[in-house]
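Tertiary structure, described
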Amino acid sequence: MLDLKEKIEELKRMLSGGAKRIVIVSHTNPDGDAVGSSLAWAHVLREMGHRVDCIVPNKYPYFLEWLSGIEHFLVFKERPEEAANAVNEAEMIFCLDFNRLDRLEALSDAILANEKAPRILIDHHLDAPDDYQLRFSYPETCSTSFLVYRIIEQMCGTELLDKASAEALYVGIMTDTGNFSFSTLTPEVYRAAAVLIERGVHVPYVNASVYNQFSEGRVRLLGYSICTKMQLIQQNQVAYIALKEAELRRFDFQQGDSEGFVNYPLTIAGVKMSAMFLQTRKFIRVSLRSRGDVDVNLFAARYFGGGGHKNAAGGKSFVSVEQTIEHYKKAVQEFFTENNWQ
Ligand code: 5GP
Ligand code: MN
């Protein structure tokens, strides 16, 4: 984080000069990191005297509902006018846990319409565009929540974190690192976790609140997805699971229920890449995960108009489930042949 110090000085300058109206936006299908980093950043800005609104394009998953303060999030899909007004009146806009504005879908129009508020990026995805007044873009970082932690630490000290904001940051780090298991972890992340625990995080409570509060339908859908729907291709090196809308309805699907399903095939020895196709009303959501050298950020960008990180990425497909699977199979073959992995 070579230039973090200078960027923080610039950020302090931008935040000086009295109370401001500030908006924090995060990505569509907000996850633990999107919500956790937004909550903690909002807390710190409010402590500095600013008026802050957190906005997300659509609803966060129910297993994050227990996070204190999340009930005040403006969900653009549910309250478009209120959210657009807040964006319109904002004097500063923080963009957290995504880098391209198109990840906000319809909410991006409101952001672009506000031409006077500087936009500040705080994010850990690859390939951040240049169109921000200030950019905290650190793709090697495990999560946006850890990045926000580092900024708070250097800007005003972690004493400013109360129990709720410490829990929010801990959830962001925990969910984006596969419950503290991914290669993005460093000793500094564990030091941050230790401080968050000192600020009041009770690890068993947070774990149980996020991972042990699923609906019966979700657990049964997981069993069905693995037992009946998982397919292995490319000499058993690649997996996919495709779920249609009718199947989701059968299991009373709620937003967020399929979170993590895509990881299970990777627990099979020899599987290097896994995909999950989730049919929604407008398109098919594509989730990709990989191990080691298999770069799903590249794969998602090339074949599904998306992106993300090297080992976790996503995109969309606008054709039928069957056509999407055919496209995926061909893409896998091409990608694996190119890299001599067959
Ligand atoms: P997930 O599979 O959990 O939805 O997403 C995995 C990663 O890929 C996340 O970091 C997410 O931000 C990114 N991602 C998911 N969908 C898209 C997409 O449509 N476009 C881009 N650029 N990134 C995505
Ligand atoms: Mn993240």
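What counts and how
- Residues numbered from 1 in each chain as written.
- Chains lettered and ligands numbered in written order.
- Predicted model: local features only at pLDDT ≥ 70, side-chain atom pairs only at ≥ 80, totals over all residues.
- Heavy atoms only, no water.
- Donors = N, O, S within 2.8 Å, 3.2 Å for Na, K, Ca; no water.
- Helix = DSSP H or I, 4+ residues; strand = E, 2+ residues; numbered from the N terminus.
- Buried < 20%, exposed > 50% of the residue type's maximum accessible area, 1.4 Å probe, protein only.
- Near = heavy atom within 4 Å.
- Polar contact = N/O pair within 3.5 Å; in protein donor to acceptor, adjacent residues only side chain to side chain.
- Areas by Shrake-Rupley, 256 points an atom, 1.4 Å probe, with all protein chains shown as cover.
- Nonpolar A, V, L, I, M, F, W, Y, C, P; charged D, E, K, R; others polar.
- Pairing = 2+ DSSP bridges.
- Contact = heavy atoms within 4.5 Å.
- Axes fitted to C-alpha atoms, helices over the stretch in contact; angles between N-to-C directions.
- Parallel < 35°, antiparallel > 145°, perpendicular 65-115°, else oblique.
- Left-handed = near helix turned anticlockwise from the far one by under 90°.
- Salt bridge = Lys/Arg side-chain N within 4 Å of Asp/Glu carboxyl O.

Our next topic: the coordination of the manganese ion (ligand 2). Geometry reference: four tetrahedral donors at a metal, ideal angle 109.5 degrees. Six octahedral donors, ideal angles 90 or 180 degrees. Taken together, Asp-33 (OD), Asp-97 (OD), His-124 (NE2) and Asp-176 (OD) make up the full set of protein donors to the manganese ion (ligand 2), lying 2.2 to 2.4 Å away. Mapped onto the sequence, the donors of the manganese ion (ligand 2) take the spacing D-x63-D-x26-H-x51-D. Of the two residues, His-124 is situated in the loop between strand E5 (119-123) and strand E6 (134-137) and Asp-176 in helix H6 (residues 163-176); the sequence distance between them amounts to 52 residues. Asp-176 matches His-124 in its accessibility class, with the two residues each being buried.

Turning next to the site of ligand 1. Taken together, the neighbourhood of ligand 1 is formed by 13 residues, with Arg-103, His-125, Arg-285, Ser-287 and Arg-289 sitting nearest. In this structure, His-309 approaches ligand 1 through a side-chain N or O atom, which is 3.2 Å from an oxygen atom. Taken by itself ligand 1 offers 490 Å² of open surface, and the protein chains cover 84% of this. Elements with a minimum of two residues in the shell around ligand 1: strand E10 (284-290), strand E11 (307-308) and strand E12 (312-317). Ranked by residue count, the leading element in the shell around ligand 1 is E12, at four residues. A breakdown of the residues in the shell around ligand 1 according to their chemical character gives two nonpolar, eight polar and three charged.

Let's shift gears to the sheet that holds E6. Strand order in the open sheet formed by six strands is E3-E2-E1-E4-E5-E6, and the pairing between neighbours is parallel. Of all strands in the sheet, those with a lone pairing partner are strand E3 (74-75) and E6, marking the two edges. The sheet contact formed by strand E4 (residues 92-96) and E5 spans four bridges and is parallel. By the bridge assignment for E5, Cys-95 is matched with Leu-121. Packing of helix H1 (residues 4-15) onto the sheet brings it into contact with strand E1 (21-26), E4, E5 and E6, and relative to E6 it is tilted by some 140°. The sheet contacts of helix H2 (residues 32-47) involve E1, strand E2 (51-56), E4 and E5, and relative to E1 the element is tilted by about 170°.

On to the packing of helix H11 (residues 296-304) against helix H12 (residues 321-338), then. One can describe the packing of H11 onto H12 by two numbers: an axis separation of 11 Å at closest approach and a directional angle of 130°. As far as their axial angle goes, H12 and H11 are oblique. Considering only the axes of H11 and H12, their crossing is right-handed. Mapping the contact onto sequence places Leu-298, Phe-299, Arg-302, Tyr-303 and Phe-304 in H11 and Thr-324, His-327, Tyr-328, Ala-331, Val-332, Glu-334, Phe-335 and Glu-338 in H12. For the contact of H11 with H12, the class distribution of residues is eight nonpolar, two polar and three charged.

The subject of this paragraph is the pattern of salt bridges. Under the definition given, this model contains 17 salt bridges. Across the pair Glu-82 and Arg-79 runs a salt bridge, and its minimum N-O distance is 2.8 Å. A residue is classified by how much of its surface remains accessible, and Glu-82, at 42% relative accessible area, is partly exposed. Judged by its relative accessible area of 36%, Arg-79 is partly exposed. Where Glu-105 meets Lys-316, a salt bridge forms, and the shortest distance between an N and an O atom there is 3.0 Å. One end of the pair, Glu-105, is in the loop between E4 and helix H4 (107-113); the other, Lys-316, is in strand E12, with 211 residues separating them in the sequence. Each of Arg-21, Asp-53 and Glu-89 takes part in salt bridges that share partners, so that together they form one network.

Nothing here speaks to function; it is geometry throughout.
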